[in-house]
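Coordinates in review
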Amino acid sequence: MPNHKKDSTDKNFYYFGDEKIELQEAADLKAVRLKGAPAHPTRAALAARTAREDGGEELGLFGLTLYRADAETRGGAAAAARAPQDEAAETFPVFRTAEMGTDAALILTPQLIVQFKAGLSEADCKKLLNDAKLEVVSQDELAKNYYVCRPRNGSATEALAAANELHLKEQVEYAQPDFVRVLPEIAPLAGSAPAPAMWPGTIGEAGVGPQAPDTFFGSQWGLAKIKAPDAWGFTRGNPAIKVAVIDEGVDMTHEDLIPNLLTGYDAVDNDNNQQPLSHDGHGTACAGIVAAVADNGRGVAGVAPNCKIIPVRIAYGVWSEIYRRYLWSTSDSIIARGVRTAVARGADVLSNSWGGGPASSAIQAAFREARTTGRGGKGCFTPCATGNDNNRWGGVSYPAKYPECFGVGASTPSDQRKRPGDRTDPRNDDWGSNFGPEVDVVAPGVRIYTTDMMGGNGYTPGNYDPLFNGTSAATPHVAGVGALLLSIDPGLTVQEVEEIIKRTADDAGPAGRDNETGWGRVNAFRAALAAQRLWYDISVNIEFLGTGAECFMRINLRFYNPGINSVRLDWVALTSNSSDWSRELDSCECNLNPGGVMEPFTSQDVRFNKILLKAHGNRSGWAGNWRLHYSYTYWRPALPATPSADLARNTPLREFSDLARTESVSYRFEAQGRGRRQTLGDELDLNGRNPHTGALILPVSFAAAEPAVEDFGDSGNGLSAAGIVIEKTGETVRIKL
């Protein structure tokens, strides 16, 4: 290896692709490995940590302790300056980059990450490492030709030099230092405030409907705002859909999470015991927003309460006497391992309420693999928090800044981007949601009622936190919506999930996309509708015609589609039946093949107007029994003029198969009455339910009408531009009038 000594004009840097990322020395901090400190302390040792008398902060990685290097410690003596001479075995360089605030640090370790290109054999890879005087620390069985290495002399500066040299070699995809990242949590916790009974006005405005029996459901304004309870009419989530909460661990004993928790993974220790330390409540709060159990008479409800959670720990919380707050301690290789393992264990959605620091080739590669190979090639949906520093340190934070990820900002009850001092967050109102071209959508991010660690652990003395906040809180709302979409249609690709969420968001700023709120505030109900294949509206009016006041049904029927599929309506039939369903009284059939195609996201529809069918009986006693049958063909073409096409950060959409599938559907409805039904008014709404998902499948109205002389059997159809998509399946609904 060449001599890497630098003169005074040289700058420290590492490579991210072809870009050199400058490393600026953090003169106020010093990282040391103290004599006798284990390179990887046990959980018990981490849990038992107490404040060091010399003011140092044990990070739990590489045996490192972080000191202030420029001031006296809390004890009143300059112990931080003395510590390296008194007991340290080695000092490690501490840096920051342009994207990092003063409450974050990037520690250069004696490890580097090397990803060789595909096609190289293991022997070839190891020879190149040996030639560079590196020894292998670990390999990742989930990533071929991926190595964590260290220089034989154990020097951090040599690790940086070796990474830069290897990165330029033809056989190497990327090489970078394995930084220890000390980052602020993306939940701006500070101060305290009493638990709110309810956020004034927001529940009723959002139209939640009947309140679920969960104790604090009425205070979950975020659920109401994104219309999650309305989306539950389609699905509350499929247990086969799994959301990885990539964080600092999830409390496996939580009363409102246990039924939905799967085996976790600790990427720090590379085992399955990710139970968080007593102060690490962040991941538990995020998990509750995604999938806390609903209707169990306790706590809260998640956005996707029937989906499952894979807890993944990528960091430990470290109390900082320097900054008087908790910071995260993690490394690039740990994060990459956590993401890959989540994908390998079948995660459909990766929820990332963390971020900060500079770009990392290793972390980006893990997210790229999740997007391209996850879910059998359909790709994992990966919402990431944009950060809470109001763009003080360069805009949207990584990993949300990567094009492989979906950037989520935080919104207020009035659908504004959270800004410092806007008086929407009683816990800490000084933060602002980061903004920029990488923001895809926003979601509720202040005063979020969610799960906390059981007992006195976590953020509060109880089991629930009424004031969770930040883009940390916003991101799991979007992760939950993604889980609902995949529950409705597991065949959706990650691009399609993203397109649906963008297109159905409620515009929260200037018309169209803007850098403050992206495509708008996420709307779970509209997203769920757009994931369906076909939806229809039907109105059935009872009319008494002729001198005998015979009973007829006047029917208007409309099929429509603004969703992700192309749909062709092939055949429709309406029949009228006797009161006991033994005889068919009348029918109207229309064979549309080849019918008009309703293209995706166009709201095109097909209408059948003023169909008149003979019903049973007359004004003195009647029955309006009818059946609807239809068949349609759907397929998924390349998406036209999609929102993502306007964002350079998004990869091109793939061409979708033109393979078409046909489904046939049948419904049966019954109404009976006597006289004019004056006590019922002019209209009665009926709501059928999808037997597979519990979804509301159509609005139906019956209305009495005065006798009139009209032509029988008149019908029509046409195309227009309005509507919503909902899937249909057959069932019987009987109503006594």
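Whatever comes next refers back to the structure up there.
Reference entry: report on the structure contained in this document. None of the values given here were measured: they were computed from a predicted structure. (Residues numbered from 1 in each chain as written. Predicted model: local features only at pLDDT ≥ 70, side-chain atom pairs only at ≥ 80, totals over all residues. Heavy atoms only, no water.)

**Some details on the overall build of the protein chain**
In terms of helices and strands, the protein chain carries 13 helices and 36 strands. Considering the protein chain as a whole, with its 737 residues, one finds that 58% of them fall into the buried category. For the protein chain, long-range pairs separated by at least 24 residues make up 75% of all intrachain contacts whose partners lie at least 6 apart in sequence. If you sum the accessible surface of the protein chain, you get close to 27,600 Å²; carbon and sulfur atoms cover 49% of it. (Helix = DSSP H or I, 4+ residues; strand = E, 2+ residues; numbered from the N terminus. Buried < 20%, exposed > 50% of the residue type's maximum accessible area, 1.4 Å probe, protein only. Contact = heavy atoms within 4.5 Å. Areas by Shrake-Rupley, 256 points an atom, 1.4 Å probe, with all protein chains shown as cover.)

**Looking at the sheet that holds strand β8 (residues 94-96)**
Across the sheet, which stays open at both edges, the six strands sit in the order β3-β8-β9-β14-β19-β18 with antiparallel pairing between neighbours. Both outer strands of the open sheet, β3 (24-25) and β18 (316-320), are each paired with one neighbouring strand and no more. In this sheet, strand β9 (residues 105-107) lies alongside β8 in antiparallel orientation, the contact comprising two bridges. The residue bridging F95 from the neighbouring strand is L106, located in β9. (Pairing = 2+ DSSP bridges.)

**Observations regarding the pairing of strand β13 (residues 172-177)**
With five of its six residues buried, β13 lies for the most part within the structure. Direction of pairing for strand β10 (residues 112-116) relative to β13: antiparallel, over a ladder of five bridges. Looking at the pairing, Q115 lines up with Y174 of β13.

**Regarding the packing of helix α9 (residues 332-344) against helix α10 (residues 361-373)**
Interhelical geometry of α9 versus α10 gives an angle of 5 degrees and a closest axis separation of 8 Å. Relative to α10, α9 is oriented roughly parallel. Taking contact as the criterion, the partners of D332, I335, A336, V339, R340 and V343 in α9 are, on α10, A362, I363, A365, A366, F367, E369 and A370. For the contact of α9 with α10, the per-class residue count stands at ten nonpolar, no polar and three charged. (Axes fitted to C-alpha atoms, helices over the stretch in contact; angles between N-to-C directions. Parallel < 35°, antiparallel > 145°, perpendicular 65-115°, else oblique. Nonpolar A, V, L, I, M, F, W, Y, C, P; charged D, E, K, R; others polar.)

**Let's talk about the packing of aromatic side chains**
Throughout the structure, instances matching the rule amount to 17 aromatic pairs. With 6.3 Å between their ring centres and 40 degrees between their planes, F217 and W232 make a pair best called tilted. Residue F217 is found in the loop between α5 (202-206) and α6 (221-225), and its partner W232 is found in the loop between α7 (228-231) and β15 (242-247); the two are separated by 15 residues along the sequence. Residue F217 is classed as buried on the basis of its relative accessible area of 5%. The exposure class of W232 is buried, given its relative accessible area of 8%. Relative to Y634, the ring of Y632 has its centre 6.2 Å away and its plane inclined at 45 degrees; by these criteria the two rings are tilted. The exposure class of Y634 is buried, given its relative accessible area of 2%. In textbook terms, an aromatic cluster arises when at least three aromatic residues are bridged by ring pairs, as seen for F559, F608, Y630, Y632 and Y634. Above the ring of W431, the side-chain terminus of K418 is found at 5.0 Å from the ring centroid. One residue, R558, lies across the ring of Y560, its end atom 3.7 Å from the ring centre. (Phe/Tyr/Trp six-rings, centres within 6.5 Å; stacked < 30°, edge-to-face > 60°. Lys NZ or Arg CZ within 6 Å of the ring centre and 35° of its normal.)

**A few points about the sheet that holds strand β12 (residues 146-151)**
Neighbouring strands of a sheet are bound in pairs by backbone hydrogen bonds; such pairs are parallel or else antiparallel. Across the sheet, four strands lie side by side as β11-β12-β10-β13; this open sheet has antiparallel pairing. Of all the strands in the sheet, the pair left with one neighbour each is β11 (134-139) and β13. Adjacent strand axes in the sheet meet at a mean angle of 30 degrees, parallel and antiparallel pairs treated alike. Of the pairings in the sheet, the one linking β11 to β12 comprises five bridges and is antiparallel in character.

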